[in-house]
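# Descriptive structure summary
As a plain string of letters, each chain reads:
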Amino acid sequence: MSSSNWTADFLSRLSTDITVTQIDISSVTLWQIESHAWQQFAELAVQQNLRWAAGWAEHIEHRFFINTCFEKQGEYLLLRTIIDASNPELPSQATVYPAANRSERHTQDMFGIKFVGHPDDRRWTRHQAWIEKNYPLRKDFPVQGTPVGITPPDMHYPFIKSHGAGTYEIPVGPVHAGIIEPGHFRFQAVGELILNLEERLGYVHKGIEKIAEGREPESLARLAGRVSGDTTVGHCWAACMAMEQAAGVIIPPRAALIRGILAERERVANHMGDIGAICNDVAFVFAQMQFSRLRELWQRTNATVFGHRLLMDKIIPGGVVCDLSDESCALIKKEITELRKELTEVILALDLNSSLEDRLYTAGFLSEEIAAAFGTVGYVGRASGQDKDVRRDAPYAPYDQVTVKVTLETQGDIASRLWVRYKEIRTALRLIENFIDRLVAGELRAEWQTPVAGSEGLGIVEGWRGEIISYIRFDADNNIARFYPRDPSQLNWPALEKLVLNNIVPDFPVCNKSLNGSYSGNDL
Amino acid sequence: MLRIFKKILTTGVVTEQFKVPKDEELEQLGIEIKRYIDKKFSGSIAIRQVDAGSCNGCELEIHALNNPFYDIERFGVHFVASPRHADVLLVTGPVSRHMQTALLRTYEATPNPKWVVAAGDCAACGGEFGVSYASCGAVSNVIPVDAVVPGCPPTPLALMRGLLGLITAEK
C-alpha cells in the first residue's frame, strides 16, 4: 500500500500552539513536541484515525524522553517529548487511546513518570520485587537492585470488586493447571457466566529492558531472541533491524531471504501448534494429535536444516548465521508439498465436524469496534476486521519483493481466529517457496559498523502474533543505551478481557488459547 | 466422521520405533525410565510443570513430550494439574522475583518425597537473564534441585534423559 502522505495533511491541522520539530531518524519520521500538548496531539491523532502502536520512555541525564509510535496506512510516526526529571509529569494519552493504558502504567512503574489524568493509575509491572518510589529504568537504579531474601507476594493489589446476590469471584493463577506461562486472572461470575475478567500480569518480569543496557549488538540479539521464546525469530529480527538502521548497515539480499524463510517457518510452527491446542481445549483430541505431529515434523526439519528446533540465534546483527544448501531447499519444498496434502485432509475433518462448530462459532466474540479501539494486531485483529499486516503495509526486505496476501475476516469469534491462522499457514508456505526460488548466491552477513553514540533505530516486523516494534538507542563504543521491544501481546491482552464477557467460565481456556498472548513478551 | 477415521488409520502409529538410531535412543531411554518408575513409583510418576519466569521456549519443548512421537505417558510419566498430585516439579526459567513466593508455595504444596528438575539453561544457571533486581537466577537459588537439564531450550530427548537421570539416582 503506498503511503498517502497523510503526515503533511496532519501537520497542517495541528493548532499553532503545538510546535513540531521534525527530526529524521533512519526511515521513520520523528516529531518532537512540547509536553503540554501530549494529550492534545493524541486527540487530533484519534480523529485522523491514527493507530496507537507503542509507547516507551528513556532516561538521559536529567531528562526523560517519552515516545509514542503511531501508524496509519503503513506509515509510522514517532512522537517525542522531553521533560525534566525533577518534575516528571505529562498529560496521559490513555484517556484518548485505551491501547496506551498499560503502556503508560509500565512507564509509570519503571521510570516514575506521572501521566496526569490517567483513567487507571494502579501499578502494573511492579509487584513487590522493588519498593514504591524506586524506578528500575532510571539510570541511578543499580541492575542488582536491593532485593530482600524472599520477595513477598503481591497481596494488596486493588482488584475490581463485584457485589450482589449470586456473584462470586474465581482467582486463577499465577501457577496454572497446564504447561503454560504464569499470570493471574480474576473472574467475577454469576453461575457459569463471566461478568468481568481482570488480568494481572507481570509475574515473569525479568528486567529485560534493564539488562539490555550496556550490551553489544550480538549479545542484545541473543536477549531479544528470548523476549518471547515462541517468537525468537520475530523479536531477534526486529531488534537487529533497529540496530542495523542505527548503524547504517544494509543486510545482503541472501540474508534477507533467509530471514524471511525463518520468520515464515516460525509462523507455521506456532499456528499449527495453536490450532491443535484450540481444538484440544474443546476436547477434540484428534486435531491436537494431528497438528502436534505435523508441528514436530516441522521442528525436526528446523533442526536438520538450521540446527535449532525453534530457530534461536540464527539472526544476528548484519545478517544470518545459517545458510541453505540446494539439498536443504529441496528438502523444504518436498516437506511443504507433503504438509499441504496433510493439512487439506485434517482441515476437512475439522470443517465438517458439528461438535467443533458448536463450540467455536460465536464463542469469544471480539467486535470490530473494540478491536480497533484497543489497537488489536495480528490474527486477533485480522479476525475482527483490522486489515493490518506489516509485511504488506510497510514492507521490509525480503517482503518488498513479493505480494503478501492478507487474510481478513469480520466474524470475530474463535472460529474466525482459527481460520485466519489456517489461511496464514497456507500463505506462509507459498512465501517460503517464493523466497527459496529467489535465493541468490552471496554474502550472509554485512560487516558491522560501530554506530555513532546516540544513534537510534526502530525495527518493525510482522511476527507470527502480529506487529513487533523494537526500539534501540546506542551509547558510545557499540553499547546499547536503550532497548524496548513491544510484543504484539501488549496490545492484544486487553482484548481478552473483552472477548470473554458473557462466555461461560469453562470456555475461558479456549478463548485464551484463541488469542494466545505471550506473558513473557508482555512482562519483559 | 469417516474422514477422521480415515486420517487416523492412514496416519498409523508414528510413535518412535526401533528403526532409526535416534529413535532407538528414545525407545531405550523410555524403557529404562519405565523400568525405574515401575520399581520405585509403582508404575507411574506425576509431574507438575512450573514456569517460574521462562520465555516460553522450554514450555514448547515440554509440550512436545506429549506429542505422538514421544508420547511420554506410555512410560508411566504424566503431567498433573496440581502440585498436590505431583512427585516431581519440573521448573523452567530463571526464577523471577515476582514468582519467587509462588514457586516456594508450589514446592511446599508438593507432598514428600518429592524431586525437583530444573529444565533449561535459565533454570540451571540463570541463563541469559542471570541475577538482577527482577530475577533470582537459577532455580537452586530458591528451592533444592535434584536434577538439571541444560539446553536453550532442552530438546524433548534431553528432557527424557534428564528425567531418567533423576529417577535412577539414589534418593
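Residues numbered from 1 in each chain as written. Chains lettered and ligands numbered in written order. Predicted model: local features only at pLDDT ≥ 70, side-chain atom pairs only at ≥ 80, totals over all residues.

### Section: the overall build of chain B
From N to C terminus, chain B includes six helices and five strands. Secondary structure elements in chain B, listed N-terminal to C-terminal, are α-α-β-α-β-β-α-β-α-β-α. Here the C-alpha atoms of chain B give a radius of gyration of 17 Å, agreeing with the 16 Å that 2.2 N^0.38 yields for 171 residues. With the C-alpha coordinates aligned to their principal axes, the bounding extent of chain B is approximately 55 × 35 × 35 Å. When contacts within chain B are restricted to residue pairs at least 6 apart in sequence, long-range pairs at least 24 apart make up 78% of them. (Helix = DSSP H or I, 4+ residues; strand = E, 2+ residues; numbered from the N terminus. Rg over C-alpha atoms; globule rule 2.2 N^0.38 Å. Contact = placed C-beta atoms within 7 Å.)

### Thoughts on the packing of helix α8 (residues 285-306) of chain A against helix α9 (residues 326-351) of chain A
To describe two helices that pack against each other, one gives the angle between their axes and the distance between the axes. Residues and elements named next belong to chain A. Contact pair α8 / α9: the axes reach a minimum separation of 11 Å and the direction vectors enclose 175°. Relative to α9, α8 is oriented roughly antiparallel. Here A287, Q290, L294, T301 and V305 of α8 come into contact with α9, specifically with S328, L331, I332, E335, L339, E342, V346 and L350. Of the residues belonging to the contact of α8 with α9, the class tally is eight nonpolar, three polar and two charged. (Axes fitted to C-alpha atoms, helices over the stretch in contact; angles between N-to-C directions. Parallel < 35°, antiparallel > 145°, perpendicular 65-115°, else oblique. Nonpolar A, V, L, I, M, F, W, Y, C, P; charged D, E, K, R; others polar.)

### Comments concerning unusual backbone geometry
For the bond running from N112 of chain B to P113 of chain B, omega is -5°, close enough to zero to count as cis. With respect to the helices and strands, the residue P113 of chain B is situated in the loop between α4 (100-109) and β4 (115-119). Unusually for a residue other than glycine, N49 of chain A sits at a positive phi of about 60°. The residue N49 of chain A is located in the loop between α2 (38-47) and β3 (51-60) in this model. With phi around 65°, N502 of chain A is a residue other than glycine that occupies positive phi space. Here N502 of chain A lies in the loop between α15 (488-499) and α16 (508-515).

### Things to note about the pairing of strand β13 (residues 456-462) of chain A
Residues and elements named next belong to chain A. The buried fraction of β13 amounts to seven of the seven residues, a majority that puts the element mostly inside the structure. Along β13, one buried face is formed by E456, L458, I460 and E462 and the opposite face, lined by G457, G459 and V461, is buried too. Note that β13 and strand β14 (residues 467-474) share seven bridges and pair antiparallel. Across the sheet, the residue bridging to E462 is E467, located in β14. Following β13, the chain reverses through four residues before pairing antiparallel with β14; G466 in that reversal takes a positive phi of roughly 140°. (Buried ≥ 20, exposed ≤ 12 C-beta atoms within 10 Å, placed from the backbone. Pairing = 2+ DSSP bridges.)

### Details of the domain arrangement of chain A
Accessible area lost when the parts come together is the quantity often used to give the size of an interface. Residue and element names in this part refer to chain A. Assigned domains of chain A: these are domain 1 (6-116), domain 2 (167-200) and domain 3 (208-523). Here the C-alpha centre of domain 3 lies 27 Å away from the C-alpha centre of domain 2. Those elements giving two or more residues to the side of domain 2 that touches domain 3 turn out to be β9 (184-190) and β10 (193-200). The element contributing the most residues to the side of domain 2 that touches domain 3 is β10, with five residues. Per-class residue counts for the side of domain 2 that touches domain 3 are seven nonpolar, one polar and four charged. (Domains from an automatic or database assignment.)

### Concerning the sheet that holds β9 of chain A
Strand pairing in a sheet relies on backbone hydrogen bonds. The paired strands run either parallel or antiparallel. Residues and elements named next belong to chain A. In spatial order, the strands read β8-β9-β10; together these three strands make up an open sheet with antiparallel pairing. Edge positions in the open sheet fall to β8 (167-172) and β10, since each of these has one partner strand only. Here the strands of the sheet are splayed against their neighbours by 20° on average, with no regard to which way each runs. Taken together, the seven bridges between β9 and β10 define a ladder with antiparallel strand orientation. By the bridge assignment for β10, A189 is matched with I194.

### Thoughts on the interface of chain B and chain A
Facing 42 residues of chain B, the contacting portion of chain A comprises 51 residues. Every element with two or more residues in the side of chain B that touches chain A is listed here: α1 (2-11), β1 (45-51), α3 (57-64) and α4 of chain B. In terms of residue count, the dominant contributor to the side of chain B that touches chain A is α3 of chain B (six residues). Here the residues of the side of chain B that touches chain A sort into 21 nonpolar, 15 polar and six charged.

### Things to note about the sheet that holds strand β15 (residues 480-486) of chain A
Residue and element names in this part refer to chain A. The antiparallel open sheet is built from three strands, whose spatial order is β13-β14-β15. Looking at the sheet topology across the chains shown, the edges are occupied by β13 and β15. Sheet twist, expressed as the average angle between the axes of neighbouring strands with direction ignored, equals 10°. Those strands touched by helix α6 (residues 232-247) are β13, β14 and β15, and its axis lies near 145° from that of β13.

### Focus: the environment of R122 of chain A
Here R122 of chain A lies in the loop between β7 (114-116) and β8. Sequence spacing of R122 of chain A and F159 of chain A is 37 residues, and the spatial spacing of their C-alpha atoms is 9.6 Å.

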